[in-house]
Amino acid sequence: MGRARAAGLADLRVMDIREHAPGKHRQCDDSPYGGGAGMVMKVNVVDAAIQAAREQDAEEGSQAKVILMSPAGRPLTQALAQELSQEKHLILVCGHYEGIDARIESLVDDEISIGDFVLTGGELAALVIVDAVIRLRPGVLGNSASPEEESFSEGLLEYPQYTRPRSYKGQDVPEVLLNGNHAHIDAWREQQSLQRTRARRPDLLKQN
Ligand code: JCQ
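Thresholds applied
- Residues numbered from 1 in each chain as written.
- Predicted model: local features only at pLDDT ≥ 70, side-chain atom pairs only at ≥ 80, totals over all residues.
- Heavy atoms only, no water.
- Pairing = 2+ DSSP bridges.
- Helix = DSSP H or I, 4+ residues; strand = E, 2+ residues; numbered from the N terminus.
- Axes fitted to C-alpha atoms, helices over the stretch in contact; angles between N-to-C directions.
- Contact = heavy atoms within 4.5 Å.
- Salt bridge = Lys/Arg side-chain N within 4 Å of Asp/Glu carboxyl O.
- Buried < 20%, exposed > 50% of the residue type's maximum accessible area, 1.4 Å probe, protein only.

(A) Examining the sheet that holds strand S3 (residues 65-75) more closely. The strand order across the open sheet formed by three strands is S4-S3-S5, and the pairing between neighbours is parallel. Strands with a single pairing partner mark the edges of an open sheet, and in this sheet they are strand S4 (90-93) and strand S5 (110-113). Averaged over all neighbouring strand pairs, the angle between strand axes comes to 45 degrees, with direction disregarded. Contacting S3 and S4, helix H2 (residues 43-59) crosses the sheet at an angle of about 160 degrees to S4. Contacting S3, S4 and S5, helix H3 (residues 78-85) crosses the sheet at an angle of about 170 degrees to S3.

Next comes the structure, spelled out in structure tokens:
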């Protein structure tokens, strides 16, 4: 993100939801209707922050996509990161406490989960999305205008990679990688990708 920003390829702005809370106490959360432990973020406050972000964006003549970070969202995948990388502007809404008043759902365009675990707030989930999306933008990390995937490895785990030294603590670099036969090397890498995927992530094979 730092390099993308310095190169003028991306920008990131952080907003404090609390600044959109009315009154001198700037109250952002309240106890849940129906009772129960914890606090719930107030929908009017989060909505006001979203509207302020949308207005900044509208001044720049584009339409932001508003995404709520939530364990109940659509799972983040590489395909979803690709989709998001086509958007001009994303507004990533980070809840805290036990959650946000459920009425927020109709006020955002999408809800995304970065995995089946619960964070104390959406900020780390937002950073994960920023990282996964920015690296796909043209010009970032040496991306060409249309980053193309090698057709074989798509959806599979990477093949193992090696560099010097040739032998380390009794582990040698596979012989096939040393002899310069590129057809042989490609075939070996394909086979390694498939074997590793079958062993570690068979769910990825069932998808394709
Ligand atoms: C995102 N996986 C986990 C925590 C409630 C909007 O409601 C809530 C949001 C959070 C923050 O996000 C996550 C998360 N993907 O915990 C609780």
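(B) Quick peek at the pattern of salt bridges. For the structure on display, the rule yields six salt bridges. A salt bridge links Arg5 to Asp11, with the shortest nitrogen-to-oxygen separation between them at 3.4 Å. Overall, Arg5 belongs to the partly exposed group, its relative accessible area being 41%. Taking the relative accessible area as the measure of exposure, Asp11 reaches 52% and is therefore exposed. As a salt-bridge pair, Glu60 and Arg13 come within 3.1 Å of each other at their nearest N and O atoms. Of this pair, Glu60 sits in the loop between H2 and S3 while Arg13 sits in the loop between helix H1 (2-6) and strand S1 (29-30), and the two are 47 residues apart along the sequence. Residue Arg13 is classed as partly exposed on the basis of its relative accessible area, which comes to 42%. Several salt bridges share partner residues, and in doing so they unite Arg5, Asp11, Arg13 and Glu60 into one network.

(C) Representation of the environment of Val173. In this fold, Val173 is placed in the loop between strand S7 (171-172) and helix H5 (182-200). In this structure Val173 touches Tyr162, Thr163, Pro165, Arg166 and Leu178, once residues within four positions along its chain are discounted.

(D) Broad picture of the environment of Gly73. Position of Gly73 relative to the elements: it lies in strand S3. Taking relative accessible area as the criterion, Gly73 reaches 16% and is therefore assigned buried. Note: C-alpha distance between Gly73 and Asp116 (43 residues apart in sequence) is 10.0 Å. If sequence neighbours within four positions are ignored, Gly73 has contacts with Glu111, Ile112 and Ser113.

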